[in-house]
Amino acid sequence: MMDQYLSGLTFSIHTFGCQMNKHDSERIDGMLESLGALAVDSIEESDMVIFMTCCVREAADTRLYGQVSSLKNIPLREDSPLNKRLIAIGGCIGQRDGEGLIKAMPHVDVVFGTHNVGSLPGLIRESLAKHKPQTEILESSEGFSTDLPTQREHSWAAWLPITIGCNNFCSYCIVPYVRGREKSRTLESIRQEAESYVRAGVKEITLLGQNVNSYGRDLYGAPQFVRVLDEVAATGIERLRFATSHPKDLSAEVINRFASLPNLMPALHLPVQSGSNRILKSMNRHYTREHYLELIEQLRKVRPDIALSTDIIVGFPGEREEDFLDTLSLVEEVGYHQVFTFIYSKREGTPAATMIDDTPHEVIQQRFDRLVDLVQQKAFEANQSDEGKVLDVLFEGVSKRDVTKLSGKSPKNQTIHVPLPSAKSPEDFIGKIYPVHIDEAKTWYLAGTLQ
Ligand code: 5AD
Ligand code: SF4
């Protein structure tokens, strides 16, 4: 379908934050391309620049303003049909600040939010036709943008959103305010989308939601995430993953699926946030350290090789040395393959923003560094247990650092690097699964050779 305004325009999308944003960006890409616009790699070549923003932490927030203002210094391509580069801002900062973004940055042309990704082409048209900035923010979404075309980043991997929004209101987190209340998609539409991916040759599906474990509570009165797992696994997809899980809702039934569903990959991201019960309570997380460790024990019982990853916040208001030591000992005990570590960032409007926060920044930074040291040591130890094994690797491309190496993912989601065999091209491997002998473990990857 050619579009009077969009056809022939070039665009690039710059995505920050979580997988939900990445997925929304794939929808935008698919939508604009279906209207005749052309995706390009650089800002220099782009007639339209679209930012998909994140406001979970302050750093991401500040970066946006810098990036948007630096666009002023980059000239438009010579044969552009526009006389000024169009700038659009979507995602969580768009949702939160709306019109305010145009007040702060008058050269921004379009602002949209998290609930109306599908409105972007219309907003761009209006802005081009009327030479005026356009803003549209909705309070909540009518449904899922499943009918929008998707241009997937990798042809062999697909993200499949099963819920949007979040009902948990962890006291530090802004997500429920910018993504709205949790809404589940019907089981039927999830199954249909999964089947279409399998037919298209997709090898890996990742089910997405802020808390996939509570899937279906709004539709069916009780969580039905196991049914999603069973139905999607039954499509015959080679690799199935999901993110993110809230420990308070991870059920025994779901844990058992790690034993009974062979295509459910042995990897789980289970954010713990803190190892201290006092801090967990103040974070409004609704579980204890003991409960969390019990879940880990159950998971390891049914799937001894499962790789665990987590998120941890350091420096939450009121965190004392003893709380932090509880976090360190939990990391020691679990032995994660990967930990995403964050320094607490105050978000206006959240309950934690009003809590007394008097730990000196240097102390928090030191705690953060101590945590990172331990995380690296444990990640290395976890990877070492795979030395000498043969793992099935789904290849993704050449390594970013070394073009003579292929890189891919193991079932446990570890990054694997292997030398590209001579007389072969990367295309022979990309999107395919081959066995790899693991020669050496590193902290963040495994080095191996093709069998
Ligand atoms: N400060 C620091 N980290 C945060 N996260 C969410 N909100 C904040 C905040 N205000 C982290 C949590 C979450 C991850 C996606 O981001 O660890 O799991
Ligand atoms: Fe934020 Fe908590 Fe919801 Fe995750 S579960 S998005 S941390 S409020």
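For the structure, see preceding data.
The model shown is predicted, which means the values in this text are computed figures rather than measured ones.

Enquirer: Give me the lowdown on the pairing of strand S14 (residues 338-343), citing residues and values where you can.
Expert: Here six bridges tie strand S13 (residues 307-314) to S14, and the two strands are oriented parallel to one another. Within S14, the residue paired with Thr310 across the bridge is Val339.

Enquirer: How would you summarise the site of ligand 2 if you had to cite specific residues and measurements?
Expert: As a structural note, the neighbourhood of ligand 2 is formed by Cys166, Asn168, Phe169, Cys170, Tyr172, Cys173, Val175, Pro176, Gln210, His246 and Arg285. Each residue belonging to the shell around ligand 2 can be placed in one class, and the counts come to seven nonpolar, three polar and one charged.

Enquirer: Give me the lowdown on the sheet that holds strand S17 (residues 415-419), citing residues and values where you can.
Expert: The strand order around the closed barrel built from five strands is S15-S16-S17-S19-S18, with neighbouring strands paired in mixed fashion. For this sheet the average axis-to-axis angle between neighbouring strands, irrespective of direction, equals 55°.

Enquirer: Please give an account of the side chain of Glu182 that cites residues and values.
Expert: As for its placement among the helices and strands, Glu182 is situated in the loop between helix H6 (175-179) and strand S9 (183-184). Lacking a salt bridge, the buried Glu182 has Arg217 as its closest oppositely charged neighbour, with an N-O distance of 5.6 Å. Among the polar contacts listed, one links the side chain of Glu182 to the side chain of Ser214, at a separation of 2.7 Å. Excluding anything up to four places from it in sequence, Glu182 contacts Thr163, Ile164, Gly165, Cys166, Asn167, Asn211, Ser214 and Asp218.

Enquirer: So, the packing of aromatic side chains: which residues are in play, and what are the values?
Expert: Enumeration over the complete set of coordinates arrives at 10 aromatic pairs. Centroid distance Tyr172 to Phe316: 6.3 Å. Interplanar angle 85°. Geometry classified as edge-to-face. Of this pair, Tyr172 sits in the loop between strand S8 (163-164) and H6 while Phe316 is found in the loop between S13 and helix H13 (321-334), placing the two residues 144 residues apart along the sequence. For Tyr172, a relative accessible area of 10% gives the class buried. Overall, the relative accessible area of 0% leaves Phe316 in the buried class. By way of ring pairs, the aromatic residues Tyr172, Phe316 and Tyr344 are connected into one cluster.

Enquirer: Break down helix H1 (residues 19-34) for me, citing the residues and quoting the values.
Expert: It helps to recall that an α-helix has 3.6 residues per turn; residues three or four apart then point in one direction. Taking 1.5 Å of rise per residue, 16 residues should cover 22 Å, and H1 covers 22 Å from first to last C-alpha, within 8% of that figure. Among the 16 residues that make up H1, 12 are buried, leaving the element largely enclosed by the rest of the structure. Burial in H1 covers these residues: Met20, Asn21, His23, Asp24, Ser25, Glu26, Arg27, Ile28, Asp29, Gly30, Met31 and Leu32.

Rules of the game
- Residues numbered from 1 in each chain as written.
- Chains lettered and ligands numbered in written order.
- Predicted model: local features only at pLDDT ≥ 70, side-chain atom pairs only at ≥ 80, totals over all residues.
- Heavy atoms only, no water.
- Pairing = 2+ DSSP bridges.
- Helix = DSSP H or I, 4+ residues; strand = E, 2+ residues; numbered from the N terminus.
- Near = heavy atom within 4 Å.
- Nonpolar A, V, L, I, M, F, W, Y, C, P; charged D, E, K, R; others polar.
- Axes fitted to C-alpha atoms, helices over the stretch in contact; angles between N-to-C directions.
- Buried < 20%, exposed > 50% of the residue type's maximum accessible area, 1.4 Å probe, protein only.
- Lys, Arg positive; Asp, Glu negative; His and termini not counted.
- Salt bridge = Lys/Arg side-chain N within 4 Å of Asp/Glu carboxyl O.
- Polar contact = N/O pair within 3.5 Å; in protein donor to acceptor, adjacent residues only side chain to side chain.
- Contact = heavy atoms within 4.5 Å.
- Phe/Tyr/Trp six-rings, centres within 6.5 Å; stacked < 30°, edge-to-face > 60°.
- Expected span 1.5 Å × (residues − 1).

This is a description of form; function is not addressed.
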